[in-house]
Amino acid sequence: MPTVLVVDEERAECGKLRAACEDAGFAMMWAESVAEAVGCVQQQAPAAILVAGAKPGDESGKTVSLLRKNPRTGSIPLVLLCEPNGNSLVEGWNSDADMVLEKPVDPVELFTVIRHLMAAPR
């Protein structure tokens with residue numbers, strides 16, 4: 001079963017994402033920070049990384065950049081979830097994420113994107 005690593009400071013959101021992962025046939029690991037995410041990757045390489053919680057002025061863009069620069073996480077497909085406002089989406093598209101999706105995300109769309117990114121040559 002492929003694994004998705006979710007990087008999100010908000011534990012409450014992770015319950016919803018865990019259920020969506022399981023319904024789509026994915027296991028889920030959770031990290032609250034970039035440091036935790038890198039630690040998780042050292043234990044088990046995920047098929048994809050999902051950075052959730054992108055709000056105006058938060059550190060999501062920095063999180064994406066740090067994950068991209070790290071040799072252990074740099075080539076793993078990365079999806080950024082943004083709040084539905086113009087600034088967050090613009091900041092998201094200016095990040096190094098492979099795909100930016102607006103919250104609330106449709107689980108079918110999310111896992112279709114993840115599967116597509118997993119299949120693409122890296």
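Model, not experiment: these values are computed from the prediction. (Residues numbered from 1 in each chain as written. Predicted model: local features only at pLDDT ≥ 70, side-chain atom pairs only at ≥ 80, totals over all residues. Heavy atoms only, no water.)

1. Thoughts on the overall build of the protein
Here is step 1 of the chain: Counting secondary structure elements, the protein contains 5 helices and 5 strands.
Here is step 2 of the chain: Listed N to C, the secondary structure of the protein is β-α-β-α-β-α-β-α-β-α in terms of helices and strands.
Here is step 3 of the chain: Across the 122 residues that make up the protein, the buried fraction comes to 47%.
Here is step 4 of the chain: Put simply, 61% of the contacts in the protein that link residues at least 6 apart link residues at least 24 apart.
Here is step 5 of the chain: Entry remark: accessible area of the protein is about 6,300 Å², with carbon and sulfur atoms responsible for 53%. (Helix = DSSP H or I, 4+ residues; strand = E, 2+ residues; numbered from the N terminus. Buried < 20%, exposed > 50% of the residue type's maximum accessible area, 1.4 Å probe, protein only. Contact = heavy atoms within 4.5 Å. Areas by Shrake-Rupley, 256 points an atom, 1.4 Å probe, with all protein chains shown as cover.)

2. Quick notes on the nonpolar core
Here is step 1 of the chain: Core analysis: the largest hydrophobic core is formed by 22 residues, its most contacted members being V79, L110 and F111.
Here is step 2 of the chain: Counting residues per element, the ones that place at least two in this core are β1 (3–7), α1 (11–23), β2 (27–31), β3 (48–54), β4 (78–82) and α5 (107–119).
Here is step 3 of the chain: Broken down by element, this core gets its largest block of residues, 5 residues, from α5.
Here is step 4 of the chain: In this structure, F111 is in contact with V4, A20, C21, A24 and F26, ignoring residues within four places of it in sequence.
Here is step 5 of the chain: Membership of the second largest hydrophobic core comes to 19 residues, among which are M29, A31, V41 and V64. (Core = buried A, V, L, I, M, F, W, Y, C linked by side-chain atoms within 4.5 Å.)

3. Quick word on the pairing of β2
Here is step 1 of the chain: In terms of residue burial, β2 counts as a mostly covered element, since 4 of its 5 residues are buried.
Here is step 2 of the chain: Of the strand pairs in this sheet, β1 and β2 are connected by 5 bridges, and their pairing is parallel. Residue L5 lies in a different strand from β2, and its bridge partner there is M29. (Pairing = 2+ DSSP bridges.)

4. Focus on the layout of surface pockets
Here is step 1 of the chain: Empty space within the largest pocket amounts to approximately 250 Å³.
Here is step 2 of the chain: Along the walls of the largest pocket sit 14 residues, with E13, K16, K103, P104 and V105 positioned nearest its centre.
Here is step 3 of the chain: The element contributing the most residues to the lining of the largest pocket is α1, with 4 residues.
Here is step 4 of the chain: Of the residues belonging to the lining of the largest pocket, the class tally is 8 nonpolar, no polar and 6 charged. (1 Å grid on protein atoms, 1.4 Å probe; cavity = no way out; pocket = protein on both sides within 12 Å on 5 of 7 lines; lining within 4 Å. Points joined across faces, edges and corners; volume = space filled by probe spheres on them. Nonpolar A, V, L, I, M, F, W, Y, C, P; charged D, E, K, R; others polar.)

5. What about the environment of P46?
Here is step 1 of the chain: Locating P46 in the fold gives a position in the loop between α2 (34–43) and β3.
Here is step 2 of the chain: C-alpha separation for the pair P46 and I76, spaced 30 residues apart in sequence, amounts to 7.6 Å.
Here is step 3 of the chain: Aside from chain neighbours lying at most four places away, what touches P46 is T3, V4, L5, M29, V41 and I76.

6. A short note on α1
Here is step 1 of the chain: Helix length check: α1, at 13 residues, gives a terminal C-alpha distance of 19 Å against a target of 18 Å (1.5 Å per residue), a fit within 8%.
Here is step 2 of the chain: Taken together, the buried positions of α1 are occupied by C14, L17, A20 and C21. Mapping the buried residues of α1 onto a view down its axis gives an arc of 125°, with all of them on the same face. Residues of α1 that are exposed and angled more than 90 degrees away from the buried face: A12, K16, E22 and D23.
Here is step 3 of the chain: Once α1 finishes, G25 follows within two positions and takes phi at roughly 90°, a positive value. (Expected span 1.5 Å × (residues − 1). Arc of directions from axis to C-beta.)

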